[in-house]
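Tertiary structure, described
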Amino acid sequence: MHTRSPRAEKRDFDSRYFRNALSQFATGVTVITTRLADGQFLGLTASSFNSVSLEPPLVLWSLGNAANSMPVFTGNSHYVVNVLSAEQAWLAKQFASRKTDRFEGVEYALSRTGHPILKGASAWFECHNRSRYPEGDHVIFVGEVEHCEFTAQAPLVYHGGQFIETSPK
């Protein structure tokens, strides 16, 4: 069921203020990876990742409408969500950059569907691209998890506009 409530009241803040307020929420950091039609790989950094359901196993993440990668992620049947560990801030930065080859110097294995799994990630989720929901200036992707693995380790956290390397318990 997709319902929409009446329009919200007029807000008394701008986009910059809203972004600053959102930055106070600490999040984990992921790199979403997939394969292009020509066999090359594509990956991007995303902190908008969350669980949706245990049965069936569903996760979500979002991508800005203006992203060059939107047609790829909209059209592909699968992708992998790689949850970064505390020591992988450099990967978050590399996959957030405008580099042509974001996989340069990155160690990875391939999932059963041929998508990159980043070496050293705390967890990874191989997802079927189940559904997409346009909302505001983003599209929310819901993936049905077909396979996942994890290694318990300290997470990489994003807070206040910077990466924070945490230590293990």
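Now for a look at the structure at hand. (Residues numbered from 1 in each chain as written. Predicted model: local features only at pLDDT ≥ 70, side-chain atom pairs only at ≥ 80, totals over all residues. Heavy atoms only, no water.)

So, on to the packing of aromatic side chains. Per the stated rule, a full pass over the model turns up 11 aromatic pairs. Geometrically, the ring pair formed by Phe41 and Phe103 is tilted, given 5.5 Å between the ring centres and 55 degrees between the ring planes. On the criterion of sequence distance, the pair formed by Phe41 in strand 3 (residues 41-46) and Phe103 in the loop between helix 3 (89-96) and strand 7 (108-110) is long-range, its members being 62 residues apart. On the basis of an interplanar angle of 75 degrees and a centroid distance of 5.1 Å, the ring pair of Trp61 and Phe73 is categorised as edge-to-face. You can see Trp61 sitting in strand 5 (residues 58-64) and its partner Phe73 sitting in helix 2 (residues 70-75), a full 12 residues away along the chain. Across the pair, exposure class does not vary: Trp61 and Phe73 are buried alike. (Phe/Tyr/Trp six-rings, centres within 6.5 Å; stacked < 30°, edge-to-face > 60°. Helix = DSSP H or I, 4+ residues; strand = E, 2+ residues; numbered from the N terminus. Buried < 20%, exposed > 50% of the residue type's maximum accessible area, 1.4 Å probe, protein only.)

A separate point is the pairing of strand 2 (residues 30-35). Of all 6 residues in strand 2, 5 are buried; the element is thus mostly enclosed. Here strand 2 runs beside strand 3; their pairing, made up of 6 bridges, is antiparallel. The residue bridging Arg35 from the neighbouring strand is Phe41, located in strand 3. Counting the residues that bridge the hairpin from strand 2 to strand 3 gives 5 residues, and of these Gly39 lies at a positive phi of roughly 95 degrees. (Pairing = 2+ DSSP bridges.)

Note on placement: His115 falls in the loop between strand 7 and strand 8 (116-118). A distance of 3.5 Å separates a polar side-chain atom of His115 from the backbone oxygen of His78. (Polar contact = N/O pair within 3.5 Å; in protein donor to acceptor, adjacent residues only side chain to side chain.)

What follows concerns the pattern of salt bridges. Applying the stated criterion to the full structure yields 5 salt bridges. Between Lys99 and Glu104 there is a salt bridge whose closest N-O contact spans 3.7 Å. Of the residues examined, Lys99 reaches a relative accessible area of 35% and is grouped as partly exposed. Among the ionic pairs, Arg112 bridges to Glu146, the shortest N-O distance being 2.2 Å. (Salt bridge = Lys/Arg side-chain N within 4 Å of Asp/Glu carboxyl O.)

An order of 3-2-6-9-10-5-4 is seen for the 7 strands of this open sheet, with the pairing classed as antiparallel. Each of the sheet's edge strands pairs with one partner strand only, and the pair in question is strand 3 and strand 4 (49-53). Direction aside, neighbouring strands of the sheet carry axes that sit 35 degrees apart on average. Sheet strands touched by helix 3: strand 2 and strand 3. Its angle to strand 3, the strand with the most contacts, is close to 115 degrees. (Axes fitted to C-alpha atoms, helices over the stretch in contact; angles between N-to-C directions. Contact = heavy atoms within 4.5 Å.)

In this section: the nonpolar core. Ile32, Trp61, Phe73, Tyr79 and Phe141 are the most contacted members of the largest nonpolar core, which totals 19 residues. Elements represented by at least two residues in this core include exactly strand 3, strand 5, helix 2, strand 6 (78-83), strand 9 (123-135) and strand 10 (138-150). In this structure, Trp61 is in contact with Ile32, Leu44, Ser48, Phe49, Phe73, Tyr79, Val139, Ile140 and Phe141, ignoring residues within four places of it in sequence. Of all hydrophobic cores here, the second largest spans 11 residues; its members include Leu84, Ala89, Ala92 and Phe95. (Core = buried A, V, L, I, M, F, W, Y, C linked by side-chain atoms within 4.5 Å.)

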